[in-house]
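One letter stands for each residue in the lines below.
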Amino acid sequence: MSTWANPITATLKVHKAGSTTETVAINGVNADANAGTPETFLAAANHLLDIAGMSATITGMAREFKQGVSE
């Protein structure tokens, strides 16, 4: 019987601060529901974005993952 396999990683999508249309995608974030709060993920994203002089906002932020089939 085939089942859905829970992915280990996800993609975090955040909106650049000051924009409602520009987004940044960060691949490879933890997909586990217990991995942290949205604020925790935003803080981590902002640490990375700060290197490029950017920041993100929590509004419109999403963590997305694809489930594959495990046989």
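As the structure is a computational prediction, the values presented were derived from the model and not from experiment.

Student: Describe the pattern of salt bridges, and please don't skip the residues or the numbers.
Tutor: Scanning all chains against the criterion turns up 2 salt bridges. Its salt-bridge partner being K13, residue E64 comes within 3.1 Å of it at the nearest N-O pair. With E64 in strand β4 (residues 56-64) and K13 in strand β2 (residues 9-16), this residue pair connects regions lying 51 residues apart in the sequence. On the accessibility criterion, E64 (38% relative accessible area) is partly exposed.

Student: Can you tell me about the pairing of strand β3 (residues 23-30), naming the residues and giving the values?
Tutor: As judged from the 7 bridges shared by β2 and β3, these two strands associate in the antiparallel manner. Bridging across to β3, V14 finds its partner in V24. Once β2 ends, the chain turns through 6 residues before running back antiparallel as β3, passing G18 with a positive phi of about 85 degrees.

Student: Tell me about the nonpolar core, and please be specific about residues and values.
Tutor: The biggest cluster of nonpolar side chains holds 13 residues, and the ones touching the most others in it are L12, V14, I26 and V29. Sorting the residues of this core by element identifies β2, β3, α1 (38-50) and β4 as the ones contributing at least two each. With 4 residues, α1 is the single largest residue contributor to this core. Excluding anything up to four places from it in sequence, I26 contacts A10, T11, L12, A45 and L48.

Conventions adopted
Residues numbered from 1 in each chain as written. Predicted model: local features only at pLDDT ≥ 70, side-chain atom pairs only at ≥ 80, totals over all residues. Heavy atoms only, no water. Salt bridge = Lys/Arg side-chain N within 4 Å of Asp/Glu carboxyl O. Helix = DSSP H or I, 4+ residues; strand = E, 2+ residues; numbered from the N terminus. Buried < 20%, exposed > 50% of the residue type's maximum accessible area, 1.4 Å probe, protein only. Pairing = 2+ DSSP bridges. Core = buried A, V, L, I, M, F, W, Y, C linked by side-chain atoms within 4.5 Å. Contact = heavy atoms within 4.5 Å.

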